[in-house]
Amino acid sequence: MMGRMAVMDALIFDDDPFYGNLLLEIFDRQGLKAKYFPDGENALEEIRRERPGVILVDLMMPGLDGISICKQVKGDPPLAATKVVVVSGKSFPDDKARATWAQADLFVEKPFNISDMTAQISKLLRGRKIVLGEERQAAAPSHVWKARIWKEPGEPGCVSVIHKDHLIVFDAGQGLAHLAQDEDVWRDSREVWLFLSHFHKDHIAGLQHARRFLEAGRKMHIGGPSDGELPLQQLILRSFSDSISPEALQQQVKLYHLGEGQYQMGPDLRLNIIYTMHPGPCLAFRMEGSGRRLVFAPDSELDPNWEERLTDYGEKLVSLSKGADLLIHDARYSDEDSPRVATQGHSGPSAPFRVAVRAGVRRLLLH
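Please read all numbers here as calculations on a predicted model, not as lab measurements.

> Explain the overall build of the chain residue by residue, including any values.
From N to C terminus, the chain includes 13 helices and 17 strands. A total of 367 residues make up the chain; the buried ones form 51% of that total. For the chain, restricting intrachain contacts to residue pairs at least 6 apart in sequence, the fraction spanning at least 24 positions comes to 63%. Approximately 17,400 Å² of the chain is accessible, and the part contributed by carbon and sulfur atoms is 50%.

> Outline the environment of Gly348, listing residues and values.
If you trace the backbone, Gly348 turns up in the loop between strand 16 (326-329) and helix 13 (350-359). A residue is classified by how much of its surface remains accessible, and Gly348, at 4% relative accessible area, is buried. Put simply, Gly348 and Asp303 are 45 residues apart on the chain and 8.7 Å apart in space, counted from C-alpha to C-alpha. Leaving out residues up to four positions away in the same chain, Gly348 has contacts with Asp330, Ala331, Tyr333, Ser334, Asp335 and Ser338.

> For the pairing of strand 1 (residues 10-13), give the residues involved together with the corresponding values.
Residues of strand 1 alternate between two faces, with Ala10 and Ile12 on one and Leu11 and Phe13 on the opposite face, all of them buried. Pairing between strand 1 and strand 2 (residues 34-37): four bridges, direction parallel. Paired with Leu11 across the strands is Lys35, a residue of strand 2.

> Tell me about the sheet that holds strand 15 (residues 292-297), and name the residues and values.
Overall, mixed pairing links the six strands, which are arranged 12-13-14-15-16-17 in an open sheet. Among the strands making up the open sheet, the edge pair consists of strand 12 (261-266) and strand 17 (364-366). Geometrically, the sheet is characterised by an average inter-axis angle of 15 degrees between neighbouring strands, direction not taken into account. Sheet topology places strand 15 next to strand 16; four bridges connect them, and they run parallel. When the bridges of strand 16 are listed, Ala297 appears paired with His329. Contacts between helix 12 (residues 313-321) and the sheet are confined to strand 13 (269-275), strand 14 (283-289), strand 15 and strand 16, with strand 13 contributing the most and set at about 170 degrees to the helix. Where helix 13 meets the sheet, its contacts fall on strand 16 and strand 17, and the angle it forms with strand 17 comes to roughly 165 degrees.

> Talk me through the sheet that holds strand 5 (residues 106-109); I want residue IDs and the actual numbers.
What the five strands build is an open sheet, ordered 2-1-3-4-5; its pairing is parallel. The sheet is open, and its two borders are formed by strand 2 and strand 5, each paired with just one other strand. On average, adjacent strands in this sheet sit at an angle of 15 degrees to one another, irrespective of strand direction. Bridge analysis of strand 3 (residues 54-57) against strand 4 (residues 83-88) gives four bridges, and the strand direction is parallel.

> Before we move on, could you go through the side chain of Asn113 and cite the residues and values that matter?
Inspection of the secondary structure puts Asn113 in the loop between strand 5 and helix 5 (114-124). Here Asp116 takes part through its backbone nitrogen, which lies 2.9 Å from a polar atom of the side chain of Asn113. Setting aside anything within four residues of it in sequence, one finds Asn113 in contact with Arg270, Glu288, Ser290, Gly291 and Arg293.

> Can you lay out the pattern of salt bridges for me, pointing to particular residues and giving the numbers?
A full pass over the atoms with the stated rule returns 25 salt bridges. A salt bridge links Asp105 to Lys74; the nearest nitrogen and oxygen atoms lie 2.8 Å apart. Of the two residues, Asp105 sits in the loop between helix 4 (93-101) and strand 5 while Lys74 sits in helix 3 (residues 66-74), which places them 31 residues apart along the sequence. Between Lys90 and Asp95 there is a salt bridge, with the nearest N and O atoms lying 2.7 Å from each other. Judged by relative accessible area, Asp95 falls into the buried class, the value being 4%.

> A description of helix 10 (residues 232-240) should follow, citing residues and the corresponding values.
The complete set of buried residues in helix 10 reads Leu232, Leu235, Ile236, Ser239 and Phe240. Viewed along the axis of helix 10, the buried residues span an arc of 105 degrees, placing them on a single side of the element. Turned more than 90 degrees away from the buried face of helix 10 sit Gln233 and Arg238, all of them exposed.

> Hey, could you go over the side chain of Glu191 for me, with residue numbers and the actual values?
Within the fold, Glu191 resides in strand 9 (residues 191-195). Among the polar contacts listed, one links the side chain of Glu191 to the side chain of His221, at a separation of 3.1 Å. When sequence neighbours within four positions are dropped, the list of residues in contact with Glu191 reads Asp165, His166, Leu167, Lys219 and His221.

> Can you break down the nonpolar core residue by residue, with the values?
Grouped together as the largest cluster of nonpolar side chains are 27 residues, with contacts concentrated most on Phe213 and Met220. If you list the elements that add at least two residues to this core, you get strand 7 (158-163), strand 8 (166-170), helix 6 (175-181), strand 9, helix 9 (211-215), strand 10 (219-225) and helix 10. If one sorts the elements of this core by residue count, helix 10 sits on top with four residues. Residue contacts for Met220: discarding those within four places in its chain leaves Val192, Leu194, Ala210, Phe213, Leu214, Gln252, Val253 and Lys254. Counting residues in hydrophobic clusters, the runner-up holds 23 residues, among them Tyr19, Val108, Ile114 and Met117.

> Before we move on, can you summarise the confidence of the model for the chain with the specific residues and values?
Per-residue pLDDT for the chain averages 84, and the proportion of residues at 70 or more is 88%. This model gives residues 1-6 a pLDDT under 50, and the stretch forms nine contacts once residues within four places in sequence are excluded. pLDDT under 50 marks residues 127-143. Its contacts with residues more than four places away, or in other chains, come to 36 contacts.

> Any details on the packing of helix 12 against helix 13? Residues and values, ideally.
For the pair helix 12 and helix 13, interaxial distance at closest approach is 9 Å and the crossing angle is 50 degrees. Between helix 12 and helix 13, the interaxial angle falls into the category oblique. The two elements helix 12 and helix 13 cross, and the hand of that crossing is right-handed. In this structure, helix 12 uses Gly314, Glu315, Leu317, Val318 and Ser321 to contact helix 13, whose residues at the interface are Val355, Arg358 and Ala359. Within the contact of helix 12 with helix 13, the residues separate by chemical class into four nonpolar, two polar and two charged.

Conventions and cut-offs
Every chain's residues receive numbers from 1 upward, in the order its sequence appears when written. The predicted nature of this model means local features are confined to residues of pLDDT at least 70 and side-chain atom pairs, given and counted, to a pLDDT of 80 or more, with totals for whole chains, interfaces and linings taken over all residues. In computing side-chain properties, one takes all heavy atoms of the structure into account and sets aside hydrogens as well as water. Strands here are runs of E lasting at least two residues and helices are runs of H or I lasting at least four, both read from the DSSP assignment and numbered beginning at the N terminus. Only protein chains enter the calculation, and the probe is 1.4 Å; a residue is then buried if its accessible area is under 20% of its type maximum, exposed if over 50%, and partly exposed in between. Throughout, a contact is declared for two residues whenever any of their heavy atoms are within 4.5 Å. Each accessible area is a Shrake-Rupley estimate made with a 1.4 Å probe; only the visible protein chains count as cover when residues are assessed. The pairing criterion for strands is at least two bridges between them, as found by DSSP. The axes are straight lines fitted to the C-alpha atoms, using for helices just the contacting stretch, and the angles between their N-to-C directions are given from 0 to 180°. For the purposes of these results, a polar contact is taken to be a pair of N or O atoms within 3.5 Å, where, inside protein, one atom must be able to donate a hydrogen and its partner to accept one; residues adjacent in sequence count only when each atom of the pair is a side-chain atom. For salt bridges, the criterion is a side-chain nitrogen of Lys or Arg within 4 Å of an Asp or Glu carboxyl oxygen. It is the directions from the helix axis to the C-beta atoms that the arc portrays. Buried residues of nine kinds, namely Ala, Val, Leu, Ile, Met, Phe, Trp, Tyr and Cys, make up a nonpolar core once their side-chain atoms join them within 4.5 Å. You can read pLDDT as the predictor saying how much it trusts each residue, on a scale of 0 to 100. Any angle that is under 35 degrees is reported as roughly parallel, and any over 145 degrees as roughly antiparallel; angles of 65 to 115 degrees are reported as roughly perpendicular and all others as oblique. Here a crossing is taken to be left-handed if its near helix is turned anticlockwise relative to the far helix by less than a right angle, and right-handed if that turn runs clockwise. Residue polarity is assigned by list, with Asp, Glu, Lys and Arg as charged and Ala, Val, Leu, Ile, Met, Phe, Trp, Tyr, Cys and Pro as nonpolar; anything else, Gly included, falls into the polar class.

In structure tokens:
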């Protein structure tokens, strides 16, 4: 008797809707059939009914967990040929060993690179090429990712990243004036994304200079903490309204109220955000795209002995920074000063250095 042909290319089981829908989009944009389920409750029934070419499972989710699904699929002769990909942010050696024991075909750690993921899934599906959007390169050519710090001595600055036709800016210190004036840097950028870590005056002092992007016809996306003392819309109006009409602002500027979570900025550009240890709402950002990763945490207090304390902030920062090409982190005080200035929201150098080592960061910039 011939085996039943696959009805679905993929089934996705993950209780994190961000990753579930991102995986679904990878298949959907290529005309491949996939279904997403937010738990493993009826996973085996769905797998037997749909007979997918590959299933993607999270380790921890309601209903059956990913290891249990994998073990039962691989132990069922009619299903044993189904490829199983474990996709999880829980990537301890024991977890990877359990996935191997359950005969998983692949273990992918969250957060994952879309280009790498699509290539791996394509290989499992016997060479059918899967691409998300227009991104077709597994590695990033140098011209699609350029990071630069804009800062003069004694003044707050900003960080810019050129990613393909996007200009991404973190914070709006006075350094933003230098960036806005250097049109050669952002001339080829179609859109500008500006992310504010918080609304302290040093971090928004140069915001008015961003109107240069609007005057040049660029569309702007501006995001900041959702529960800041100064409403984001009021801040933007105060900065731009003297030169840009309210109608033009409405057409050219889109505002985002940001909190902890993951955000998709484009087909191969993602943002992950956590709150930092700093007075008031303050954000740290991880931006990832084209195989490059940058983490920006300008105001962040790490206890000098964070590994020994009963707090998870250090571990959250390690997770955010994992595999980053560049981590930019607060180091306002010396280690000797840290006990005296505790609760002021800033760090000494050794604590973020240990985070960088734990996270496998390639370059660390302390400021």
